[in-house]
Amino acid sequence: WSLINVPPALVSVEDVRDYVERCKEKGYKATTIEQKVGLLGGITTSLIKTGYMPVDSPNPWLLIDTSAARTTHHRPATPEEVKLLLTSDTIPEPVRLVLRCQIYLGLRIGEICSRKPEHLKDGLLEISETDKWRPKSKHSERVLPVPADLASLPKKLPQKTSVNNWIKRLIPDLSSHGLRG
């Protein structure tokens, strides 16, 4: 409560907004402010549940959005864009191979770009930790059947940046994240 001089039962939405502004003025980062407001909201909820504040009291800390992160979602590619990427003569074959793996196998860009020829055996592609890629979870490690036209992998696949640059040349507002369907 150090930045707010109001008893918990009398805190208003305006008081919460003032508190957030004072935190910003003190130089707190957005995540710190979000944590502080969340903590004070939890304390207020506990005071209400334990009878130290009236049950019908609104919890103003929960009425203000202080989300630190604004999520930017990558838009999915349209069927026309997928067709353009897969058929464009300007995209080199190793990049097109990466795009096909993303589109048809649902692989993340890092998963496919970090594969080596030994990861593909008997029509199965092993997705496991490499020196360039670590799985997000144990469930990210898997073995996938691949299409017949993907009989082998080149010794070196293009880097993620290179793949994204090729995509942007043809479709400026699309990234490789939008290809996982």
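Reading the values: rules and limits
- Residues numbered from 1 in each chain as written.
- Predicted model: local features only at pLDDT ≥ 70, side-chain atom pairs only at ≥ 80, totals over all residues.
- Heavy atoms only, no water.
- Phe/Tyr/Trp six-rings, centres within 6.5 Å; stacked < 30°, edge-to-face > 60°.
- Lys NZ or Arg CZ within 6 Å of the ring centre and 35° of its normal.
- Core = buried A, V, L, I, M, F, W, Y, C linked by side-chain atoms within 4.5 Å.
- Buried < 20%, exposed > 50% of the residue type's maximum accessible area, 1.4 Å probe, protein only.
- Helix = DSSP H or I, 4+ residues; strand = E, 2+ residues; numbered from the N terminus.
- Contact = heavy atoms within 4.5 Å.

Colleague: Describe in detail the packing of aromatic side chains, supporting the description with residues and values.
Modeller: A complete count under the given rule lists 1 aromatic pair for this structure. Seen from the ring of Tyr 28, Lys 36 lies directly overhead, with NZ or CZ sitting 5.0 Å from the centre. Sitting over the ring of Trp 166, Arg 169 keeps its end group 4.1 Å from the ring centre.

Colleague: Pulling in residues and values, what's your account of the nonpolar core?
Modeller: Residues Leu 85, Leu 99, Leu 107, Ile 112, Leu 125, Val 163 and Leu 179 are the most contacted members of the largest nonpolar core, which totals 30 residues. Contributions of two or more residues to this core are made by helix H3 (79-87), helix H4 (93-105), helix H5 (109-113), strand E2 (124-127) and helix H6 (160-170). The dominant element in this core, judged by the number of residues it contributes, is H4, at 7 residues. Not counting residues up to four positions away in its chain, the partners in contact with Leu 107 are Cys 101, Gln 102, Ile 112, Leu 125, Ile 127, Arg 142, Leu 144 and Arg 180. Judged by nonpolar contacts, the second largest core, of 10 residues, contains Val 11, Val 20, Leu 40 and Trp 61.

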